Amino acid sequence: MTKPFLWLLTLVLTSASAFAQDIDHLSAEYSVLLNGDKTRGVNTLKIDRNKGNYNVHFSLAHWLLDVDQQASFSWKNCTATPQTFSYKTKYLGTRNEERLVFDQKTKMALFQDKHGDKLVPTNGEAFDPVSFFFEARCDLMAGKTTLTYPIARDGEIKITTFNVVGKEVVNTGIGPYESLIVERDRGNSKRKTRFWVAPALDYQLIQISHVENRQLSVTVTLDKLSYSLVKK
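What you see is a predicted model, and the numbers here were worked out from it, not measured in a lab.

Rules and cut-offs
- Residues numbered from 1 in each chain as written.
- Predicted model: local features only at pLDDT ≥ 70, side-chain atom pairs only at ≥ 80, totals over all residues.
- Heavy atoms only, no water.
- Salt bridge = Lys/Arg side-chain N within 4 Å of Asp/Glu carboxyl O.
- Helix = DSSP H or I, 4+ residues; strand = E, 2+ residues; numbered from the N terminus.
- Buried < 20%, exposed > 50% of the residue type's maximum accessible area, 1.4 Å probe, protein only.
- Core = buried A, V, L, I, M, F, W, Y, C linked by side-chain atoms within 4.5 Å.
- Disulfide = S-S within 2.5 Å.
- Phe/Tyr/Trp six-rings, centres within 6.5 Å; stacked < 30°, edge-to-face > 60°.

1. Some remarks on the pattern of salt bridges
Pairing is possible between side chains that carry opposite charge, provided their charged atoms lie close to one another.
At step 1: One pass over the structure, following the stated rule, counts six salt bridges.
At step 2: Between D24 and R49 there is a salt bridge; the shortest N-O distance is 3.2 Å. Separated by 25 residues along the polypeptide, D24 in strand 1 (residues 23–34) and R49 in strand 3 (residues 42–50) bring together distant segments of the chain.
At step 3: The partly exposed category is assigned to D24, whose relative accessible area is 27%.

See the structure below:
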């Protein structure tokens, strides 16, 4: 379950720059329910901005699953230009590593994993599994209810669609917040991935859920949050 779930663990979102105030810094912690049971572990998300560049770091330390995921990209007028992306996971004793390097001049992405290196054309439009969330944040602020992005994953560019399917009050470690429910369009698959963003918190991520099958489900909920926006 690691790949389809982990690349959704970092939300912070092409055309609504007048409404979307950029994030300057963010530090968050999340609690985790595994098959309905609360687990011990540390889940952290950090976002740092250096002028027009962002660095995002997600870390999860748990006896069953360790994750370290990082991304860097430039950002201007609600448009993300990916630079690098990497993740390391350890799940049930199995280790995986993957790295992405984007070259905007040649419009190519270099995939690196245990199978070797692979170059894939991006047409200058593909995102890594983190930077597209910043564009999605802008699109949600603009009122869009269907979001589609080309995302570089697993050695290829995959067109991925999300739909706003409703609203719900989510109880978090910092209080209850009314949120938009955004669901990944998986066609007829029984797998389901949803995430919740709170308009009152500048469309920050407050909860994610992923159902892989009857035996495996994960819910990640915001526990602590500190962030600031870029002053205009």
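2. Considerations on the nonpolar core
A general feature of soluble globular proteins is that nonpolar side chains tend to end up buried together.
At step 1: Ranked by internal contacts, the top residues of the largest apolar core, which has 60 residues, are L45, I47, F195 and I206.
At step 2: Of all the elements, helix 2 (residues 131–141) adds the most residues to this core, at seven residues.

3. Quick word on the state of the cysteines
At step 1: Enumeration according to the criterion identifies one disulfide in this entry.
At step 2: Here C78 engages in a disulfide with C138; their sulfurs sit 1.9 Å apart. Judged by the torsion about the S-S bond (-70°), the C78/C138 disulfide is left-handed. Residue C78 is located in the loop between strand 5 (65–76) and strand 6 (79–91), and its partner C138 is located in helix 2; the two are separated by 60 residues in the primary sequence. Here C78 and C138 have matching classes, each one buried.

4. What about unusual backbone geometry?
At step 1: In this structure, K107 is a non-glycine residue whose phi angle is positive, near 60°.
At step 2: Inspection of the secondary structure puts K107 in the loop between strand 7 (94–103) and strand 8 (108–113).
At step 3: Overall, K107 belongs to the partly exposed group, its relative accessible area being 43%.

5. Details of the packing of aromatic side chains
At step 1: On inspection of all chains with the given rule, the structure shows eleven aromatic pairs.
At step 2: The interplanar angle of 85° and the centroid separation of 6.0 Å between the aromatic rings of F127 and Y149 together place this pair among those described as edge-to-face. Of this pair, F127 sits in the loop between strand 9 (116–121) and helix 2 while Y149 sits in strand 10 (residues 146–153), and the two are 22 residues apart along the sequence.
At step 3: Residue F127 is classed as buried on the basis of its relative accessible area, which comes to 6%.
At step 4: Owing to a relative accessible area of 4%, Y149 belongs among the buried residues under this scheme.
At step 5: Pairwise contacts between aromatic rings join F127, F132, F133, Y149, F162 and F195 into one cluster.

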